[in-house]
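# Structural overview
As a plain string of letters, each chain reads:
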Amino acid sequence: MSFVMTYIVPVLIFAVIGLAAGALLVFCSKVFFVESDETVARITEALPGANCGACGYSGCEGYAAAVAKGEAEPNMCKPGGSDSAKKIASILGVGAKEAERMVAYVRCNGCNGATEERYIFKGTQSCAAAERFYNGRMTCRSGCDGLGDCVRACAFDAISIVDGVAVVDRAKCTGCGMCAKVCPNKLIEVIPAAQQYAVRCFNTDSGKIVREVCQNGCIGCKICEKKCSDGAIKVENDRAAIDPSKCTNCGECADACPRKCINTIGG
């Protein structure tokens, strides 16, 4: 009797518990079953998996579901570009729409020597952390802190710190915008890759103040605006900005800029 109570009964109890648990799992799987959409799965596979949210959706699967329902266009994935757009169009059986390639651009020309440190920052080496101390460590309060938050955010190794300022490798950049999201000074803009010129300054202070804090900053002189025959560049809030939809890449604004803060950025 002791043998039965010691060995047989515990085994039977465990067997009953196992069967009950198995039955419960089967029951739950039937009750909570969610039918998967093969189209959504295939579209998700056609995406690069960056989950950057640049398309306006929570991630690749969310975007794929929207495309499958006809709520989003197949060419909205910036990291995937034309390659993903063509694959998705093929899955849906529709004509492929060309996806405009986008790239990130850092609107700061305040390299080492152009602007100076106001203090030595010894805290966490992060731009966001430095900005909590008197709006950054550089004399230009609107410029790049050069501590690499954008570098760490980039999943494609497309951005690095060069001469104290973040610089984008356009050949590697997918235009996902993750770097732009983490920049505390909002210096990084995602622009069309076809755009050849951009204003490399984001300071909105008066020209007098800009001259004091950065040798390369925009002083809002409006010479570029006057030179542009297409009306593609305007000076507002003491800062020049280019409208890519109007810009013909003639380069007149860059040639005329006395501060050389309108740069050729390549294709």
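Computed from a predicted structure; not experimentally measured.

## Brief notes about empty space enclosed by the protein
What the rule picks out here adds up to 6 cavities of 30 Å³ or more. By volume, the largest cavity amounts to about 110 Å³. Lining the largest cavity we find 18 residues, and of these Cys108, Gly110, Cys140, Gly143 and Cys214 sit closest to its centre. Taken together, the residues of the lining of the largest cavity sort by class into 9 nonpolar, 7 polar and 2 charged.

## Topic: the packing of aromatic side chains
Two descriptors summarise a pair of aromatic rings, namely the distance from one centre to the other and the angle between the planes of the rings. Here the structure, examined in full by the defined rule, presents 2 aromatic pairs. Ring plane angle 55° and centroid distance 5.6 Å describe the contact between Phe121 and Phe133, whose orientation is recorded as tilted. Highlighted residues: Phe121 in the loop between strand 1 (102-106) and helix 5 (127-131) and Phe133 in the loop between helix 5 and helix 6 (149-153), separated in sequence by 12 residues. Judged by relative accessible area, Phe121 falls into the buried class, the value being 11%. Using a relative accessible area of 43% as the deciding quantity, one classes Phe133 as partly exposed.

## Details of the environment of Glu73
Structurally, Glu73 is set in the loop between helix 3 (60-68) and helix 4 (81-92). With relative accessibility at 37%, the residue Glu73 sits in the partly exposed group. Not counting residues within four places of it along the chain, the set of residues in contact with Glu73 comprises Tyr63, Val67 and Lys97.

## Focus on a positive patch on the surface
On the surface, a cluster of positive charge is contributed by Lys222, Lys226, Lys234 and Lys246. Tracing the backbone through its elements, the reader meets Lys246 in the loop between strand 7 (239-242) and helix 10 (252-256).

## Focus on the packing of helix 2 (residues 38-46) against helix 3
Contact geometry for helix 2 and helix 3: axes closest at 8 Å, N-to-C directions at 125°. With respect to their mutual orientation, helix 2 and helix 3 come out oblique. Pair helix 2 / helix 3 crosses with right-handed handedness. Across the interface between the two elements, Thr39, Val40, Ile43 and Thr44 of helix 2 pack against Cys60, Glu61, Ala64, Ala65, Val67 and Ala68 of helix 3. Its residues assigned to classes, the contact of helix 2 with helix 3 comprises 7 nonpolar, 2 polar and 1 charged.

## Brief notes about helix 2
Burial in helix 2 covers these residues: Val40, Ile43 and Ala46. The buried residues of helix 2 occupy an angular sector of 120° when the element is viewed end-on, so they sit on one face. Facing away from the buried side of helix 2 by over 90 degrees, the exposed positions are Glu38 and Glu45. The inward-facing, buried residues of helix 2 abut helix 3 and helix 4.

The rules behind each value
- Residues numbered from 1 in each chain as written.
- Predicted model: local features only at pLDDT ≥ 70, side-chain atom pairs only at ≥ 80, totals over all residues.
- Heavy atoms only, no water.
- 1 Å grid on protein atoms, 1.4 Å probe; cavity = no way out; pocket = protein on both sides within 12 Å on 5 of 7 lines; lining within 4 Å.
- Points joined across faces, edges and corners; volume = space filled by probe spheres on them.
- Nonpolar A, V, L, I, M, F, W, Y, C, P; charged D, E, K, R; others polar.
- Phe/Tyr/Trp six-rings, centres within 6.5 Å; stacked < 30°, edge-to-face > 60°.
- Helix = DSSP H or I, 4+ residues; strand = E, 2+ residues; numbered from the N terminus.
- Buried < 20%, exposed > 50% of the residue type's maximum accessible area, 1.4 Å probe, protein only.
- Contact = heavy atoms within 4.5 Å.
- Patch = residues over 30% accessible without salt bridge, like charges linked within 9 Å, V, L, I, M, F, W, Y side chains within 5 Å.
- Areas by Shrake-Rupley, 256 points an atom, 1.4 Å probe, with all protein chains shown as cover.
- Salt bridge = Lys/Arg side-chain N within 4 Å of Asp/Glu carboxyl O.
- Lys, Arg positive; Asp, Glu negative; His and termini not counted.
- Charge placed at Lys NZ, Arg CZ, Asp CG, Glu CD.
- Axes fitted to C-alpha atoms, helices over the stretch in contact; angles between N-to-C directions.
- Parallel < 35°, antiparallel > 145°, perpendicular 65-115°, else oblique.
- Left-handed = near helix turned anticlockwise from the far one by under 90°.
- Arc of directions from axis to C-beta.

Keep in mind these numbers describe shape, not what the thing actually does.
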